[in-house]
Amino acid sequence: MDAAQIFRDQFNPQGEAEAKWLEGLFHFVREHVWPLMVGSDLTCPTDDEAISQLSASVIKRIQGTIPNSRMLPVSYTLTCVSELLSHQRLACASYPWPGTDRERAATPGRRVLPRERLLLMGRLTHGGNGEWMLTDASGSVVCEIVSPSPLWMGRLVFLPHWHYFPHNAVGQEPSEPRGHVELIGSPVLLRPGPTQQMSVAPAAGVNSDPVPVKEALSVVYNRVRGQLVSVCGQVASVCPTLTISGMSFFFFTLSEDSHVLPVLVKTSSKLWWAKCMSVGECVRVTALCVSVLRVWGGNNILCATDRSEMHKMHDREPVEEAAEEEAETSQPDSVRKRSSVISYQGTVTEVVSAGAGLFVMDGKLGLCLAYRPEMSRKLRVGDELLLHRVHFLHRPCPDYPPNVLCACLRTTVTVTKFSSDAAPATDRNCPDDGVLQRLLVERNLDVSRYLWTCQLCAGLQRSLLPSASQQCVCVLSWKLMEAMSGRGPQNRRNIYVEMLDEPHACPLTQYGGDRMQHQYTNLSELRESLEEDCWASLSLSSLLPPGGGGLTSAQMNAALSWSSRILTSDPAFEQQDAQALRQRPLLVVGVLELPSGSSFHTLQLRDCKGAVACVFTETNEEDDTDQSAAFNTAWLGCLVCVEQFTMVTERYIQSDFPSYQHLDQHKFITYKNCSVYLQFSQKSVRILSPSVAMQNHLCEKGAESEEKMEVASCSVTATTCVSVVLRVEQKDGVTWREEEASFSVKATAIGPLATWGRDPKNGPIKDFETGNESTVTLLCSGVSARWFPLLQPGRFYRLVGIGVNDDGEFRLSRDVALQVCHDWKFYTLRRRFHSSANVAAPFTMSQVLDCRADVVCFQGLVTERLNLNDKTKDAGNENIDLRLTVCEQSGRSLHVYLNLNQKTYQPGLLPGNTLLFSAFRRRVSRSGRVYCSNIAVSWVAVVRVQDKRSEEHMPAPIMQLALWTDRSRTVGRVKGHLVRFLFMELQWKCSTCGRVYAQSACSGQCLSTSAFFDSTAKLVVEDGTGEAHVRVAGTLVRQLLGLSDLQWEGLQRALKARGTLQVYPHGRSQACDDDDLLHFLLLCARGVNALFLTCRREFQGEEGPSHIQVDNRSAAILNAFVTSRHPIHFKSIVIFLMIE
């Protein structure tokens, strides 16, 4: 009979199952546990007897874990460490208690670990970095334990309740552990061990009596070489284990009253102490030596030796927690704040980003562990944590909860209870290898910027191309943060100062609560929100001028047919009250690319979520302060960040409202649509990832050597290419024929065709590319028409035909147009020489008004846009007629009429933008007024977008009317006195036909039942040097008369019966049909004393009136005359009513 059968018979098995289980236990102990006992002081004479005793001890301990049960756990399988690591592929839990299933099933809303009936036993050992290990003869596995006792180290144990998680991290090295075990509760010791007591025979040179912290400090200050000391004190903090240059170490501090003593542990055999120490416990550490820590300014510090031991004196003492007071909550967000240091215990309720060290505790507190090294065990939802000396921050970042706990290197983070969740959630925001955390260790970065970087990284990971790796996105987000904050790479953190200095100082001590941090949004969300908000915020009455009730039905529907909603990315420059809800500036990231679809007028910005059209202007190479339409093809393919831009939503409405009173009834809207695009300039763009062409452009712009530029493009696939260098002389507008867009370009080839072995892109012009110049016409149609927004007259381009040769289709001829194929490319070249035949510069406004040319090219600032029809429905044969008022700095202006359809419509035709009008016909009206209109070859480009940041709101100088004619190029204000009223008419008009509406009926043949109130007045203003006749209408009449809103409404009611009232001069006095109303109006007019008019001179001929419209705030039509021969253009009117 062998030893296994003898052992089996000792327990009198009740069946074959128990007999086999007992034999299996004996063989398991002999094979996997007994080898761990070799070399120990055994009391048993033979190995079989010792194994039998150890196996019996195992059965006794196992039965002791099951309350009121003496049965053998035959349903459980004994497993060794190697089998657990190799065969268990899924996370699991093992526990012997019968009621645990019911307790775990009662956990609401969480998926618990599946149960496996496995038994684990072995010896508790330590690894090289201080981790606790469970070891048997087959191998070792990392064992995570809550508050382990130092007496457990090296002991044989049985694990009654544990969780197992296989290690499946991406990029794991083969030498790394393949999983870890979490011990729930305490292990069961299989053999008795020594009790904790003082050493009877201390080592040589060791003071056997422990000294308190205060006395130990004097030993540290008065260092004696070779002296060893034992210290006892209360644990104040336990810093995380760090590994630098292959050496692992950690610090802990002992305190006594107000004295603090740091201790360094760098001996690999003592690193496991970090898991045993708990804040508040009293410990005794022996055999400490005094060393010099040079990285800490050469200060002395106690250091553990190979002979050191750590013993717990007694139970932990309570530690006072700092009050959670935040005195800075009332301070402005831009002010630097100081964090509070507290202690906190709670449960992890959300894993925001394990790779970035961001969590949520108790559903209300943010937790940031990024300023510490990554924990060996990843936190899961349900873990209970105890945090000592953690920083409490109030509103460090608007993207996270208002209150955030941030752990620094001195914070002690202890897991007090492991979660029973099945597995940690997949981290979609940041990579698991902690790229951002490693960058944070190297940079002394403010926590507010770090949290914003993490949020930006999460957004970019979802919106950039799927091929972009998480590591690249993290580094990209970090660089973007440094660029946005205006700070370059910061100095490295001094981790020793953070952990050891008193008073404590770390990157979390102060932080900035800047609420104006940029908010990243992807292009799809931005577009959808703008489209939705443009209709949700629409108020039809706001689209009409003040006193819009004075418009006929046709005028009102025409005014509603088009409107725009312009928002800036920075709400600080918004004037609309509706934008107060958005407190943060926006930020978008995407790739600039050529247009697609039916729009060939603008570039577009794209990410993997969507695309949006953009009006993009560039900075001229000759003058950095000047802007021009986009011309550089190197921008194509660049990943850019746009930090300051304008969001434009153009609304198109087709309606049939009968009167102003029906605006709240949307049933009269028969059609509505909107278009969304962005406006920004090159100054607001940051290049995150340049294209190869942009790299060449930047190198050449930076005067780099030609060899370096060749290296930048050496990775291009070798393909035969033919190219020619062109200077664009003229470009025609886009035309549509049979649903295909096309345009032609007249250019000058400055040299012959060149053959390349690869795509030359925008490299410097070679000598063999220049020579005799020739004229060529390019025809771009279909897909190649998308190059339209980047081909600008006066610019140099290299046209590259990929896969063709000079004998084929790439032929230059003066008589035959060259058809540009869809796969040919244009590359913008920097100017290396001046053109012999420069392209004519655009006309100024004065030149257009004074010249006699039929077709002109000019540019100017758009001050007003007026739609001339309401046919905005998307139909191929319906046009959009609009009139733009364009002016220049001198004050002269003219009207430009555009007849467009949905395909030729140009985004960016907005007031405030500067436009370039090419090939427009100059016309003269019957009254001698000059205006321009588009023809088939006309095109428009935006050369400067409105920038509210750079707008100067300086008031115009005050001018005298007599001097106004001498200073025709000056915008000024005129302070004048009201001399007299020349004419005034108050009238109720029919909403349909515009005739007088009296006695609740139209005076004409119209059957309309709605009317509106209209008022006009003509007055004389003089300033002592000259006079001006001014005609005002609408609400300005009420302001001139000084009437309140109630008085104005009463006047309207008094006139409703008769319908009209006229006041006109009668000799030196005024006459009226109603003497009572005349007396009332004269009394009101006596209060008007002075007017301030902001004016601008307008040249429209030698004589004749100027018909202009004031700004939208006044929304009235003025007819202005002066006593001299030149009229005055009243741009806007600001009225101050002054009482004598």
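What follows is about the overall build of the protein chain. If you tally the helices and strands in the protein chain, you get 20 helices and 59 strands. Residue burial in the protein chain is summarised as follows: out of 1140 residues, 52% are buried. A separation of at least 24 residues holds for 69% of the contacts in the protein chain among residues at least 6 apart in sequence.

With 5 of 5 residues buried, strand E4 (residues 132-136) lies mostly within the body of the structure. On E4, burial covers both faces: Trp-132, Leu-134 and Asp-136 on one face and Met-133 and Thr-135 on the other are all buried. Relative to E4, strand E3 (residues 118-126) runs antiparallel, the two being bridged by 4 bridges. Considered in E4, the bridge of Arg-123 is made with Thr-135. Taking the residues that link successive antiparallel strands as the turn, the E3-E4 hairpin has 5 residues, and the phi of Gly-130 there is positive, at about 90°. With 4 bridges connecting them, E4 and strand E5 (residues 139-145) associate as antiparallel partners. When the sheet's bridge partners are listed, Thr-135 is paired in E5 with Ser-140.

This paragraph deals with the packing of helix H2 (residues 16-33) against helix H3 (residues 47-65). Contact geometry for H2 and H3: axes closest at 9 Å, N-to-C directions at 115°. Our pair here, H2 against H3, has a crossing hand that is right-handed. The residues of H3 that touch H2, namely those facing Trp-21, Leu-22, Leu-25, Phe-26, Val-29, Arg-30 and Val-33, are Asp-48, Ile-51, Ser-52, Leu-54, Ser-55, Val-58, Ile-59 and Ile-62. Residue composition of the contact of H2 with H3, by class: 11 nonpolar, 2 polar and 2 charged.

Moving on, we come to the nonpolar core. Membership of the largest hydrophobic core comes to 66 residues, with the highest contact counts inside it found for Leu-605, Phe-645, Phe-680, Leu-778 and Leu-799. Beyond its immediate sequence surroundings of up to four residues, Leu-799 is in contact with Val-722, Ser-723, Val-724, Leu-726, Leu-778, Phe-810, Leu-818, Val-820, Trp-824, Lys-825 and Phe-826. Leu-124, Ile-145, Tyr-164 and Trp-273 belong to the second largest nonpolar core, which has 49 residues in total.

Tallied over the full model, the rule gives 22 salt bridges. Two residues, Arg-377 and Glu-182, come together in a salt bridge whose shortest N-O distance is 2.5 Å. Placement of the pair is Arg-377 in the loop between strand E20 (365-368) and strand E21 (384-394) and Glu-182 in strand E8 (residues 179-183), with a sequence separation of 195 residues. Relative accessible area serves as the criterion here: at 0%, Glu-182 is assigned to the buried category. A salt bridge links Lys-761 to Asp-759; its shortest N-O distance comes to 3.8 Å. Owing to a relative accessible area of 14%, Lys-761 belongs among the buried residues under this scheme. Through salt bridges with shared partners, a single network forms among Glu-182, Arg-377, Arg-380 and Asp-383.

Spatially, E43-E44-E45-E47-E46 is the arrangement adopted by the 5 strands of the closed barrel, whose pairing is mixed. In this sheet, neighbouring strand axes are inclined to one another by 55° on average, regardless of whether the strands run parallel or antiparallel.

Of all the 12 residues making up strand E14 (residues 282-293), 10 are buried; the element is thus mostly covered by neighbouring parts of the structure. In the sheet, strand E10 (residues 228-238) pairs with E14 via 6 bridges, with the strands oriented antiparallel. Looking at the pairing, Val-229 lines up with Leu-288 of E14. Pairing of E14 with strand E15 (residues 299-304) involves 6 bridges; the strand directions are antiparallel. By the bridge assignment, Cys-289 is partnered in E15 with Cys-303. Taking the residues between adjacent antiparallel strands as the criterion, E14 and E15 are bridged by 5 residues, where Gly-297 takes a positive phi near 70°.

Time to look at the environment of Ser-564. Relative to the elements of secondary structure, Ser-564 occurs in strand E26 (residues 562-568). Residue Ser-564 is classed as partly exposed on the basis of its relative accessible area of 26%. Between the C-alpha atoms of Ser-564 and Val-648, which are 84 residues apart in sequence, the distance is 6.9 Å. Apart from residues no more than four positions distant in its own chain, Ser-564 is found in contact with Thr-649, Glu-650, Arg-651 and Leu-910.

For the rest of this paragraph, the subject is helix H9 (residues 447-463). Compared with the 24 Å implied by 1.5 Å per residue over 17 residues, the 24 Å span of H9 between its first and last C-alpha is a close match. Taking burial as the measure, the 17 residues of H9 include 14 buried ones, the bulk of the element. In this structure Asp-446 caps H9, since a side-chain oxygen of it lies 2.8 Å from the backbone nitrogen of Ser-448.

Here the focus is the packing of aromatic side chains. Counting across every chain of the model gives 23 aromatic pairs. A centroid spacing of 6.2 Å and a plane angle of 35° characterise the contact between Phe-250 and Phe-252, whose relative ring orientation is tilted. One exposure class covers both Phe-250 and Phe-252, and it is buried. A ring pair is formed by Tyr-797 and Phe-826, whose centres lie 6.5 Å apart and whose planes are at 90°; its orientation type is edge-to-face.

Now for the environment of Pro-150. Residue placement: Pro-150 occurs in the loop between E5 and strand E6 (156-159). Along the chain, Pro-150 and His-311 lie 161 residues apart, while their C-alpha atoms are 7.1 Å from each other. In this structure, Pro-150 is in contact with Trp-272, Cys-276, Met-310 and Lys-312, ignoring residues within four places of it in sequence.

Glancing now at the packing of H9 against helix H10 (residues 470-485). Relative to each other, H9 and H10 sit at 135°, their axes nearing to 9 Å. By the criterion of interaxial angle, the relationship of H9 to H10 is oblique. In terms of crossing hand, the pair formed by H9 and H10 is right-handed. Between H9 and H10, the residues in contact are Arg-449, Tyr-450, Trp-452, Thr-453, Leu-456, Cys-457, Leu-460 and Gln-461 and Gln-470, Val-473, Cys-474, Leu-476, Ser-477, Trp-478, Leu-480, Met-481, Met-484 and Ser-485, respectively. Residues of the contact of H9 with H10, tallied by class, amount to 12 nonpolar, 5 polar and 1 charged.

This brings us to the confidence of the model for the protein chain. Confidence along the protein chain averages 80 in pLDDT terms, with 77% of residues attaining 70 or more. Taken as a whole, residues 169-176 scores under 50 in pLDDT and shows 4 contacts with residues more than four places along the chain or in a different chain. Note on residues 703-716: pLDDT is under 50 here. Beyond four places in sequence and across chains, it has 18 contacts.

It is worth spelling out unusual backbone geometry at this point. Cis rather than trans, the peptide bond between Glu-502 and Pro-503 has omega equal to 0°. Checked against the element boundaries, Pro-503 lands in the loop between helix H11 (495-500) and strand E24 (510-512). Backbone geometry at Asn-12 places phi at a positive 50°, although glycine is not the residue there. Examined against the element boundaries, Asn-12 turns out to sit in the loop between helix H1 (3-9) and H2. Even without being a glycine, Lys-761 presents a positive backbone phi close to 55°. Structurally, Lys-761 can be placed in the loop between strand E38 (754-758) and strand E39 (774-781).

The topology assignment puts Thr-79 in the loop between strand E1 (77-78) and helix H4 (81-87). Discounting residues that sit within four places of it in the chain, Thr-79 has contacts with Phe-28, Leu-84, Leu-118, Leu-119 and Leu-120.

Attention now goes to a negative patch on the surface. Together, Asp-2, Asp-47, Asp-48 and Glu-49 make up a negatively charged patch on the protein surface. Of note, Asp-48 is situated in helix H3.

Conventions and cut-offs
- Residues numbered from 1 in each chain as written.
- Predicted model: local features only at pLDDT ≥ 70, side-chain atom pairs only at ≥ 80, totals over all residues.
- Heavy atoms only, no water.
- Helix = DSSP H or I, 4+ residues; strand = E, 2+ residues; numbered from the N terminus.
- Buried < 20%, exposed > 50% of the residue type's maximum accessible area, 1.4 Å probe, protein only.
- Contact = heavy atoms within 4.5 Å.
- Pairing = 2+ DSSP bridges.
- Axes fitted to C-alpha atoms, helices over the stretch in contact; angles between N-to-C directions.
- Left-handed = near helix turned anticlockwise from the far one by under 90°.
- Nonpolar A, V, L, I, M, F, W, Y, C, P; charged D, E, K, R; others polar.
- Core = buried A, V, L, I, M, F, W, Y, C linked by side-chain atoms within 4.5 Å.
- Salt bridge = Lys/Arg side-chain N within 4 Å of Asp/Glu carboxyl O.
- Expected span 1.5 Å × (residues − 1).
- Polar contact = N/O pair within 3.5 Å; in protein donor to acceptor, adjacent residues only side chain to side chain.
- Phe/Tyr/Trp six-rings, centres within 6.5 Å; stacked < 30°, edge-to-face > 60°.
- Parallel < 35°, antiparallel > 145°, perpendicular 65-115°, else oblique.
- pLDDT = per-residue confidence, 0-100.
- Patch = residues over 30% accessible without salt bridge, like charges linked within 9 Å, V, L, I, M, F, W, Y side chains within 5 Å.
- Areas by Shrake-Rupley, 256 points an atom, 1.4 Å probe, with all protein chains shown as cover.
- Lys, Arg positive; Asp, Glu negative; His and termini not counted.
- Charge placed at Lys NZ, Arg CZ, Asp CG, Glu CD.

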